[in-house]
Amino acid sequence: MAGTATEVQRVTVLGAGSWGTAFAKVLGDAGRDVTIWARRPEVAAEIRDSHRNSSYLPDIDLPERITATADPAEALDGAQAVVLAVPSQTLRTNLSEWSGLLPSDAILVSLAKGVELGTLKRMSEVIAEIARVPDGQIVVVSGPNLAKEIALGQPAAAVLACTDHDNAKAIQQASFNQYFRPYTNTDVVGCELGGACKNVIALSCGMAAGLGFGTNTAATLITRGLAEMARLGAKLGADPLTFAGLAGVGDLVATCSSPLSRNRTFGERLGRGETLEQALAATGGQVAEGVKSCTSIRELSLSLGVDMPITDAMHRVCHEGVDPRRAGAELLGRSQKHEWS
């Protein structure tokens, strides 16, 4: 499909979590025919028969255009676009299982936000490797997209990034509706880094709240976190303007500020003194993306010689047992410097 703006009508969403289901609703409300693949047959049956996904988005009615199945082959049959809606650290394993079933010309849409542990690859790089498709066939979704608010039909915007602008426009047309406004961008690197890094900064904002700190502290972490992701982006060739947009500061503000953000609420539990295990138990075993991404982003920054002190602090709190108060004191005690150095 590269280079050709084609109308996308039939879309498959692989993953029935909160964001995958919410994005399926966006597509359905935009007039597309959507099939959701759910790992658990009972979830697929509820979506198909009752147009509800009570496990992730209770009390939300899904459009009649949405159906569901637990059979990936059935889900992918005839799809013009395939939305990958699984966590970043499981994307490689899941996509390896599905790769032989993907329609060869389908646009692949990534909802995952993270940097892969071990390989330090962005999600689009993982997709290109496993699915064996060119970069221009992969569209990355980023921006301030809290799933519950979007599922409720509250106004929101997003960025659809792809090196092939026609494919970005095809997904833009397929997802545009009265409450969801998607913009296109060709800076895939910047959009993916913004989406991955903001989860780590949201952890820090949650920890600060858990420690009893207020708005000044949160604003400081958000702003200095933005500086971190911009430095990393500059090193990898991203467009600096991307970090001033929806995939940068937009996503950062939403994720760092809202109680709906899993990363922020997870960090808040750690700030209140809970261990990683206790925070995991309280969230039903669902790990916030930032807990894992802080390690891979830290490794990426070290390999490139990029200074990311907040990211480093989050890694040490989550994985080396450093007390959040100590980590905060060390951040404040760093050597004095010019703001933009």
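Since this is a predicted model, take the numbers as computed values, not measurements. (Residues numbered from 1 in each chain as written. Predicted model: local features only at pLDDT ≥ 70, side-chain atom pairs only at ≥ 80, totals over all residues. Heavy atoms only, no water.)

Relative orientation of the contacting elements helix H8 (residues 188–210) and helix H11 (residues 262–271) amounts to 40°, with a least axis distance of 6 Å. Classified by the interaxial angle, the pair formed by H8 and H11 is oblique. The crossing of H8 and H11 is right-handed. The residues of H11 that touch H8, namely those facing Asn199, Ala202, Leu203, Gly206, Met207, Ala209 and Gly210, are Asn263, Arg264, Phe266, Gly267, Glu268, Leu270 and Gly271. A per-class count over the contact of H8 with H11 returns six nonpolar, six polar and two charged. (Axes fitted to C-alpha atoms, helices over the stretch in contact; angles between N-to-C directions. Helix = DSSP H or I, 4+ residues; strand = E, 2+ residues; numbered from the N terminus. Parallel < 35°, antiparallel > 145°, perpendicular 65-115°, else oblique. Left-handed = near helix turned anticlockwise from the far one by under 90°. Contact = heavy atoms within 4.5 Å. Nonpolar A, V, L, I, M, F, W, Y, C, P; charged D, E, K, R; others polar.)

The domains assigned to the chain are domain 1 (10–186) and domain 2 (196–332). Averaged C-alpha coordinates put domain 1 and domain 2 at centres separated by 25 Å. Together, Lys113, Leu120 and Leu146 form the three largest contributors to the area buried by domain 1 at its contact with domain 2, with a combined 32%. For the pair domain 1 and domain 2, the interface holds one salt bridge. Counting across the domain 1 and domain 2 interface gives three residue pairs in polar contact (both at pLDDT 80 or more). Taken together, the elements giving at least two residues each to the side of domain 1 that touches domain 2 come down to helix H6 (147–151), strand E7 (156–161) and strand E8 (180–185). A per-element tally of the side of domain 1 that touches domain 2 places E7 first, with three residues. In terms of residue class, the side of domain 1 that touches domain 2 is built from ten nonpolar, seven polar and four charged. (Domains from an automatic or database assignment. Buried area = accessible area lost by both parts, 1.4 Å probe. Salt bridge = Lys/Arg side-chain N within 4 Å of Asp/Glu carboxyl O. Polar contact = N/O pair within 3.5 Å; in protein donor to acceptor, adjacent residues only side chain to side chain.)

Looking now at the sheet that holds strand E3 (residues 66–69). Strand order in the open sheet formed by eight strands is E3-E2-E1-E4-E5-E6-E7-E8, and the pairing between neighbours is mixed. The open sheet has two free edges, formed respectively by E3 and E8, since each of these has just one partner strand. Going from strand to strand, the sheet's axes swing by 25° on average, the running direction of each strand aside. In the sheet, strand E1 (residues 10–14) pairs with strand E2 (residues 33–37) via five bridges, with the strands oriented parallel. (Pairing = 2+ DSSP bridges.)

One pass over the full model with this rule turns up three aromatic pairs. Ring plane angle 70° and centroid distance 5.6 Å describe the contact between Trp19 and Phe23, whose orientation is recorded as edge-to-face. Here the residue Trp19 and the residue Phe23 both occupy positions in helix H1 (residues 18–29), the gap between them amounting to four residues, near one helical turn. Each of the two residues, Trp19 as well as Phe23, counts as buried. (Phe/Tyr/Trp six-rings, centres within 6.5 Å; stacked < 30°, edge-to-face > 60°. Buried < 20%, exposed > 50% of the residue type's maximum accessible area, 1.4 Å probe, protein only.)

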